[in-house]
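Chain by chain, the residues:
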Amino acid sequence: MKVVHVKNPETREACLAKLCASVYGQEAGLAPLVIFAGTQGVLFEQEAARLFALTEDDGSVLCLALISSDVDGGTMEVDMLSTPEGKGDTRHSRHLVKTLAEKAPLRVTAADEAGEAFFRRCGIERWIDGEGGLRIGLGPLHPAPVNGVLPSVVRFNGDGIVRTFKQEPETFEAYKSRFVAALERYSNIA
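Now for a look at the structure at hand. (Residues numbered from 1 in each chain as written. Predicted model: local features only at pLDDT ≥ 70, side-chain atom pairs only at ≥ 80, totals over all residues. Heavy atoms only, no water.)

### Notes on unusual backbone geometry
To keep it simple, the criterion reads: Burial status follows relative accessibility: with a 1.4 Å probe on protein chains alone, a residue under 20% of its type maximum counts as buried, one over 50% as exposed, and anything between as partly exposed. We count a stretch as a helix when DSSP gives it H or I for four or more residues in a row; a strand needs E for two or more, and each element gets its number in order from the N terminus.
Notably, E47 is not glycine yet its phi reads approximately 55°, a positive angle. On the basis of relative accessible area, E47 is assigned to the exposed category, the value being 70%. A positive phi is found at N147, a non-glycine position, where the angle reads about 55°. Topologically, N147 is positioned in the loop between β7 (135-138) and α5 (158-167).

What follows is the structure, encoded as structure tokens:
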């Protein structure tokens, strides 16, 4: 197994579509498409996000993770993490997060005790309280918060994307077509 930074734009788009579909599911309404559009059109364009895959030696994908940088570019946060159906499992997700945390100033968020326990098994031992009951885990290379505050992570306005989709049906259709085509491409690379 190896960790791969997915750089090729077509492969990255296919992996992102699969990651969005895996994380949000079939019944999630517009959420997967909004995340896909925002990540493609904002985060990747600003070089504020990277996509990583844990692959078998033959290149088949076991796990995918989207990592976003903070506004200063000094630290990173796991935005999405998933093992595509039938390929990987929790062990693969742990391996990917552990490897990334050992090489980059990474942080994670956990909504509950099970999430925190999962990330602790990835080697993330320092935890602080975040907003809304979230727990934030800091990897071994992540600096301590300055005056108790972590740098903001680059985000996009999901509500703005939904408004754009409603006001510009051609933009919605273009992203929808891209998303579906990317999912089809993913099945050929995975």
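### A closer look at the packing of aromatic side chains
Short version of the rule: By convention, a stacked pair of Phe, Tyr or Trp rings (six-membered ring in the case of Trp) has centres within 6.5 Å and planes under 30 degrees apart, an edge-to-face pair has planes over 60 apart, and any other such pair is tilted. Counted as over-ring charges are cases with an Arg CZ or a Lys NZ within 6 Å of the ring centre that also lie within 35 degrees of the ring normal.
Under the criterion given, the structure shown has five aromatic pairs. When the ring of F165 is compared with that of Y175, the centres are 6.2 Å apart and the planes differ by 50°; the resulting orientation is tilted. In this pair, F165 is assigned in helix α5 and Y175 in helix α6 (residues 169-189), connecting sequence segments 10 residues apart. Across the pair, Y175 and F165 agree in class, each one buried. Aromatic ring contacts, followed pair by pair, group F36, F165, F172, Y175 and F179 into a single cluster. Above the plane of the ring of F44 lies R12, whose end atom (NZ or CZ) is 3.9 Å from the centre.

### Some remarks on the packing of helix α1 (residues 9-24) against α6
In plain terms, the rule: Interaxial angles span 0 to 180 degrees and are taken between N-to-C directions of axes, which are lines fitted to C-alpha atoms, for helices over the stretch in contact. Angles below 35 degrees are treated as roughly parallel, those above 145 as roughly antiparallel, those between 65 and 115 as roughly perpendicular, and all remaining angles as oblique. Contacts are residue-level and defined by heavy atoms, with any inter-residue pair within 4.5 Å sufficient. Under the convention adopted here, Pro, Cys and the residues Ala, Val, Leu, Ile, Met, Phe, Trp and Tyr are nonpolar, Asp, Glu, Lys and Arg are charged, and Gly plus all remaining residues are polar.
The contact between α1 and α6 brings their axes to 7 Å, and the two run at 100°. By the criterion of interaxial angle, the relationship of α1 to α6 is roughly perpendicular. Contacts between α1 and α6 pair E10, T11, E13, A14, C15, A17, K18, C20 and A21 from the former with R178, F179, A182, L183, R185, Y186 and I189 from the latter. Across the contact of α1 with α6, the residue classes break down as 10 nonpolar, one polar and five charged.

### Observations regarding the pattern of salt bridges
Heads up, the rule is: Salt bridge, as used here, is a side-chain nitrogen of Lys or Arg placed within 4 Å of a carboxyl oxygen of Asp or Glu.
Taken as a whole and assessed by the stated rule, the structure comprises 10 salt bridges. Residue E77 pairs with R155 through a salt bridge whose shortest N-O separation is 2.5 Å. Here the residue E77 occupies a position in strand β4 (residues 76-82), and R155 occupies one in the loop between β7 and α5, the gap between them amounting to 78 residues. Ionic pairing is found between E116 and R120, a salt bridge with its closest N-O pair at 2.9 Å. Of this pair, E116 and R120 are both found in helix α4 (residues 113-120), four residues apart, which corresponds to roughly one turn of the helix. Among the charged side chains, a network of salt bridges with common partners joins E116, R120, E125, D129 and R135.

Geometry only, nothing functional implied.
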